[in-house]
Amino acid sequence: MSERVSHDLSARAAGVALRLAELLESTCSQEAGGDASGFLRDWARGAAGRAERVRGTPPLTGAPLDRLAQRLRITPLETELVLLAGLPEEHEGLAATFRAMHPGGEPHPGVGLASLLVDRAARRKPVGGRVYGTRAHGQPPDRVALRRLLHEGAAVRAGVLVLKGEGPFHERCLTLADQLWEALHAYPAWPRSLEEVDPGPPVAGLDGWLALPETARAVAALRSLESRVLLVTARDETVALSRCAALAAAAGLGVAGARARAEDPGAVALLGLHAAVRGAVPLLVAVPPAGGAPPLPPAALRLPGPLLLCAAPGAVRPGPQQPVLTVPLGPIGVEDRRRAWRAALPGARERAPELAARHPLDPALTAQVALDLRSRAGLAPDGIGQDPAEPDVSGAIRARAGALLPPGVELVSPGARWPRLVLAEEAEAQLRDAVARLRHQAVVLDDWRLREAARAAGGVRLLLTGPPGTGKSLAAEVLATEAGRDLLVVDGSELISKYIGETEKNLASCFEVAERTQAVFLLDEADALFGSRTEISEANDRFANMETAYLLQRLDRFDGLAVLTTNLRQNIDAAFIRRMDFVVEFPLPDDAGRLRMWELHLPARLLALDVDLEALARCYPVPGGWIRNAAVGAAFRAADDGSAVHQDHLVDAMRREYGKAGRPFPGAPPGRGGADTDPRAARALAAARTTGPPGTAAAPDTVHDRPTEKERS
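Calculation rules
- Residues numbered from 1 in each chain as written.
- Predicted model: local features only at pLDDT ≥ 70, side-chain atom pairs only at ≥ 80, totals over all residues.
- Heavy atoms only, no water.
- pLDDT = per-residue confidence, 0-100.
- Contact = heavy atoms within 4.5 Å.
- Pairing = 2+ DSSP bridges.
- Helix = DSSP H or I, 4+ residues; strand = E, 2+ residues; numbered from the N terminus.
- Axes fitted to C-alpha atoms, helices over the stretch in contact; angles between N-to-C directions.
- Core = buried A, V, L, I, M, F, W, Y, C linked by side-chain atoms within 4.5 Å.
- Buried < 20%, exposed > 50% of the residue type's maximum accessible area, 1.4 Å probe, protein only.
- 1 Å grid on protein atoms, 1.4 Å probe; cavity = no way out; pocket = protein on both sides within 12 Å on 5 of 7 lines; lining within 4 Å.
- Points joined across faces, edges and corners; volume = space filled by probe spheres on them.
- Nonpolar A, V, L, I, M, F, W, Y, C, P; charged D, E, K, R; others polar.
- Patch = residues over 30% accessible without salt bridge, like charges linked within 9 Å, V, L, I, M, F, W, Y side chains within 5 Å.
- Areas by Shrake-Rupley, 256 points an atom, 1.4 Å probe, with all protein chains shown as cover.
- Salt bridge = Lys/Arg side-chain N within 4 Å of Asp/Glu carboxyl O.
- Parallel < 35°, antiparallel > 145°, perpendicular 65-115°, else oblique.
- Left-handed = near helix turned anticlockwise from the far one by under 90°.
- Phe/Tyr/Trp six-rings, centres within 6.5 Å; stacked < 30°, edge-to-face > 60°.
- Lys NZ or Arg CZ within 6 Å of the ring centre and 35° of its normal.

> So what exactly am I meant to see when it comes to the confidence of the model for the chain here?
A low pLDDT score tells you not to read the predicted coordinates there in detail. Taken over all residues, the pLDDT of the chain has a mean of 83, while the share at 70 or more is 84%. Overall, residues 689-713 carries pLDDT values under 50, and its contacts beyond four positions in sequence, including any with other chains, amount to 27 contacts.

> What exactly am I supposed to notice about the sheet that holds strand S6 (residues 280-286) here?
Hydrogen bonds between backbone groups are what pair the strands of a sheet, and the pairing can be parallel or antiparallel. Spatial strand order, S3-S5-S6-S7-S4-S8: 6 strands in an open sheet with mixed pairing. Strand pairing shows two members of the sheet lacking a second neighbour, strand S3 (195-197) and strand S8 (324-326), which therefore form its edges. Within the sheet, the average angular offset between the axes of one strand and its neighbour, ignoring direction, is 30°. In terms of strand pairing, strand S4 (residues 228-233) meets S8 through 3 bridges, oriented parallel. Note that in S8 the partner of Leu230 across the bridge is Leu325. Lying over the sheet, helix H13 (residues 265-278) contacts strand S5 (254-260), S6 and strand S7 (306-311), oriented at roughly 150° with respect to S6.

> Even after reading the chapter, I still don't get the nonpolar core, so can you show me in this structure?
Note that soluble globular proteins tend to have their nonpolar side chains buried in a common cluster. One finds Trp43, Leu68, Leu81, Leu87, Val160 and Leu184 to be the most contacted residues of the largest nonpolar core, which totals 75 residues. The next biggest cluster of nonpolar side chains, apart from the first, holds 26 residues, and it includes Leu423, Ala480, Leu561 and Phe582.

> Looking at this structure, I do not really get the sheet that holds strand S10 (residues 460-465). What am I missing?
Spatially, the 6 strands line up as an open sheet ordered S9-S11-S12-S13-S10-S14, and their pairing is mixed. Among the strands making up the open sheet, the edge pair consists of strand S9 (409-412) and strand S14 (582-585). Each strand axis lies, on average, 20° off the axis of its neighbour in the sheet, ignoring direction. In the sheet, S10 pairs with S14 via 4 bridges, with the strands oriented parallel. Directly across from Thr465, in S14, lies its bridge partner Glu585. In the packing of helix H18 (residues 425-439) onto the sheet, contacts are made with S10, strand S13 (561-566) and S14, and the angle to S14 comes to roughly 150°.

> What is the right way to look at the layout of surface pockets in this model?
One water molecule sets the probe size; rolling that probe over the atoms shows where empty space is left. Empty space within the largest pocket amounts to approximately 1400 Å³. Lining of the largest pocket is provided by 42 residues; of these, Ile332, Arg337, Pro360, Asp362 and Asp559 occupy positions nearest its centre. When contributions to the lining of the largest pocket are tallied by element, the ones reaching two or more residues are helix H10 (207-210), helix H12 (237-250), helix H14 (334-344), helix H15 (352-358), helix H19 (441-447), helix H20 (450-453) and helix H23 (502-517). In terms of residue count, H14 provides more of the lining of the largest pocket than any other element does, 4 residues in total. Of the residues belonging to the lining of the largest pocket, the class tally is 17 nonpolar, 8 polar and 17 charged.

> Can you walk me through helix H26 (residues 591-601) in this structure?
Each α-helix turn comprises 3.6 residues. Residues three or four places apart therefore point the same way. Those residues of H26 lying buried are Gly593, Arg594, Leu595, Met597 and Trp598. For H26, the secondary structure elements touched by its buried residues are helix H27 (613-619), helix H28 (624-641) and helix H29 (647-661).

> Looking at this structure, I do not really get a nonpolar patch on the surface. What am I missing?
Taken together, the side chains of Val443, Trp448 and Leu450 present a nonpolar region at the surface, about 290 Å² in accessible area. Within the secondary structure layout, Trp448 lies in the loop between H19 and H20.

> Honestly, the packing of helix H4 (residues 76-86) against helix H7 (residues 143-152) in this entry has me stumped. Any pointers?
In a pair of packed helices, the angle between the axes and the distance between the axes together describe the arrangement. Contact pair H4 / H7: the axes reach a minimum separation of 12 Å and the direction vectors enclose 75°. It follows from the interaxial angle that H4 and H7 lie roughly perpendicular. Taking contact as the criterion, the partners of Leu77, Glu78 and Leu81 in H4 are, on H7, Leu146, Leu149 and Leu150. Of the residues in the contact of H4 with H7, the class split is 5 nonpolar, no polar and 1 charged.

> Which parts of the structure should I look at to understand the packing of H18 against helix H21 (residues 472-483)?
Running from N to C, H18 and H21 cross one another at 35°; their axes reach a closest spacing of 10 Å. Here H18 and H21 pass one another in a crossing that is right-handed. Between H18, through Leu431, Val435, Leu438 and Arg439, and H21, the contact on the second element is made entirely by Ala475, Leu479, Glu482 and Ala483. Taken together, the residues that form the contact of H18 with H21 break down as 6 nonpolar, no polar and 2 charged.

> Mind showing me how you'd approach unusual backbone geometry here?
Geometrically, the link from Gly330 to Pro331 is a cis peptide bond, its omega value of 10° lying close to zero. Mapping Pro331 onto the fold places it in the loop between S8 and H14. Unlike most non-glycine residues, Gln179 shows phi in positive territory, near 65°. Within the secondary structure layout, Gln179 lies in the loop between strand S2 (173-176) and helix H9 (180-184).

> What should I look at first to understand the packing of aromatic side chains in this one?
To describe a pair of aromatic rings, you give the distance between the ring centres and the angle between the ring planes. With the rule as written, the count across this model stands at 7 aromatic pairs. For the pair Tyr658 and Phe665, a centre-to-centre distance of 5.6 Å together with 65° between the ring planes defines the contact as edge-to-face. Its relative accessible area of 3% is what places Tyr658 among the buried residues. Aromatic ring contacts, followed pair by pair, group Tyr620, Trp626, Tyr658 and Phe665 into a single cluster. Over the aromatic face of Phe169 sits the side chain of Arg147, whose NZ or CZ is 4.4 Å from the ring centroid.

> Could you clarify how one ought to interpret empty space enclosed by the protein in this entry?
Under the defined criterion, the tally for this structure stands at 8 cavities of 30 Å³ or more. Of the volumes computed, that of the second largest cavity is approximately 70 Å³. Residue lining of the second largest cavity: Arg4, His7, Asp8, Ala51, Val54, Arg55 and Leu60, and that is the complete set. Only helix H1 (2-27) and helix H2 (30-54) provide two or more residues apiece to the lining of the second largest cavity. A total of 3 residues in the lining of the second largest cavity trace back to one element, the largest contributor, which is H1.

Here's what the structure looks like:
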C-alpha cells in the first residue's frame, strides 16, 4: 500500500510538472527554457508510468494528501501549490531546475513562478469542473487574490505552505513544513524540531475506566473531529500516555505524539499537520514552564480537530477561547487490576488476585513490570530461568524504581521479623493489625464494598512516637518485611527546602516512588514536616502552613502503608493525628525488655562467664538503640583483645553511650556476688572455669579467653 501511495503522489506531482513545462515553452525561448521543459516532461512521463504499473484495484482511497486536504479544508488551488512546493523533493534534477529559474538561486519554486502557473491554469478549461481562484473561466485571478491566499489561506495558516526569504514577495520561496513531503509519501518521517513520543499500545485493565461517563464523553469528542483540548494530567507520564492510547483506540484512531511547549504555536501546528497526514489524533506531551514561570494556555486555536494534551499538574492552564475536556485517570477498580495482571503474566493467571492485592499498580505500570520480567526471562541461562508461575514481581518493580529515587531517599529490602521487636503487648498488637489491614484491604474495601458504604479510605497510616532509640525505625522495617514489601526510607529533615514549592515537589517524588513500588513509606522525623500550624505573622509562616496542608492531602491519597516517626508527639499537628489509623507509643523498655534486648544482640556463645546481662539491664535504664550500640562496641573491643566478651567490655561500651548523650554514667553494676569485682581477676577465674581439669576438651561453641597482648606484656 505504501508503494502505491508514494507512486500516486509522484504521479500527481507529475501533472504539475507537465503544466510547468508548458508554461516554460509558452513564455521562454528554446534556448532559455528548452532544457528545463524537456527534463520536466521526461521526469513526468516516467513518474506517471511507474504509478500506472503499480496501480491496482480497487482504486486508491484515503491518500495522505487527501486526508490532509479534508482535515484542513484546503482548496484545490492550495493542493496544487502543495504539489508544486514538493517537486524539488522528488528529484535532484527538479531542484536544479528550480534553482536555475529562481532569481536568488534557491532550489524551490518562487511565488512569482507560482503566480504564472496559476494564471495559465485559470485561462485553460477547468479539469474535473475545478475553477482556480475567485473568477470564472476565462478571467484569471489577479495577484492580489493569490497574495491573500498565501497570507490567509488554510494551507498557510496551518503551516503546510511556508514562505521563506527576505526579498520581495514574488521572489520568496514556496516550501513545505518540515518532513511533510516524506510523510505525504506515507513514509514514517518526523519533523526534526519535534521529539516524537510513542504512547505504546493500549494496556489491559482499563475496561472499567473506559466505561465511565467522563471517559465515554472523551472518546466521543475524539470521533467528532471538532476543535477542542482533551486534558490528561498525571504526575506519572507513563500513566497519562496509557490513557491517551486507550482513548484513541476506543475511538478507532491512531496517535501521533510529540513533546513540546504547549504554548508554542509552531510546534502545535506542525504536530497537527503530521497527525492529519497519518489520519491520527495529535498527542502533545507538554514541557513544564522553565524557571517557575506561570503556566500558559495551549496554542491550539488553529488546530483542525481535537488535541490530546498530557501535562503534569499545574503545567498548563485552559485558554479562555478553547473548549477543554478534562479526562480523569480513574478510578481503577480491583477487578481491572486483576485483569491487568492476568494479561501481563499469562503464566501466573491464578495469582492475579494476590498480585493485585499486593501490588495494586496502575495497569500501565503493570505492563511495564511484565515487560521487564519477559526481558529477564530471555536473558537467563538455559535451565536457570524463573518459573513462569512464580515471577519475581517485587524485584522487577524495585529495579525499575531505583532510577526514580530522589536525593536523600533510600529503597531497601528489609529482613527484620517480629522476634526482633521488644514491645508491650498492645503496641505489638497494633502493628500486627496494621499489616492485616493492608493485606485485606482489597477484600474489605472493594469486594465487601465498604469503600462506598462506609466511605473508607485505602491505605494504612501509622504514627510511631517515643524517645530516640526505642525501636521506631526497626518497627517500620518489621512491618515492611511482614507485609512482603520494600521499605522506602525518607528523612523528613532532608526534604525541607528554603525555596518555595520545592518541599512539596520533593515529597511528591517520594510518594510517587512509593506508589510505583508499593513500598512501605517511612518518614523519619515527621515533626519537621507535619508540625503544628501557627498563626501567620510573616510570609514564612504562610508557606509553612501551605506545606503542611499539602502533605496532609497527599497522605490521604496514599493507598499503601505509611509509617511516620517522631520523638515529639506534642509538636505534631492535631489534624495530622486525626488522619492516623494507628498511633503507637514506644516508651523506654523496662528491666525485662532490656534483658531481652541484651540477649538478642549478644549470642550466649560469645560471652565470658563474668557477664551478667541481668545486672546490666537493671543498672542501665536506656533505650534499645543504646543497648545495640554497646553490644556491638563491646564485641569489637573483645575481638581486638583476642578474648570473649567480658563484663568490663560491656560496661566500658555503655559508659561511652552515656558520654555521647551527655548524661552522667551511673557506674559499673555490682558483681554476681553483690560487690564489684576486679576485671583481671574475673577473667582469670573465667579462664580457669572454662579450661577445666587437665585432659578435658572445651565446649565447641564457647569462645575461650586467651591472654591479651597487654597481659602478655
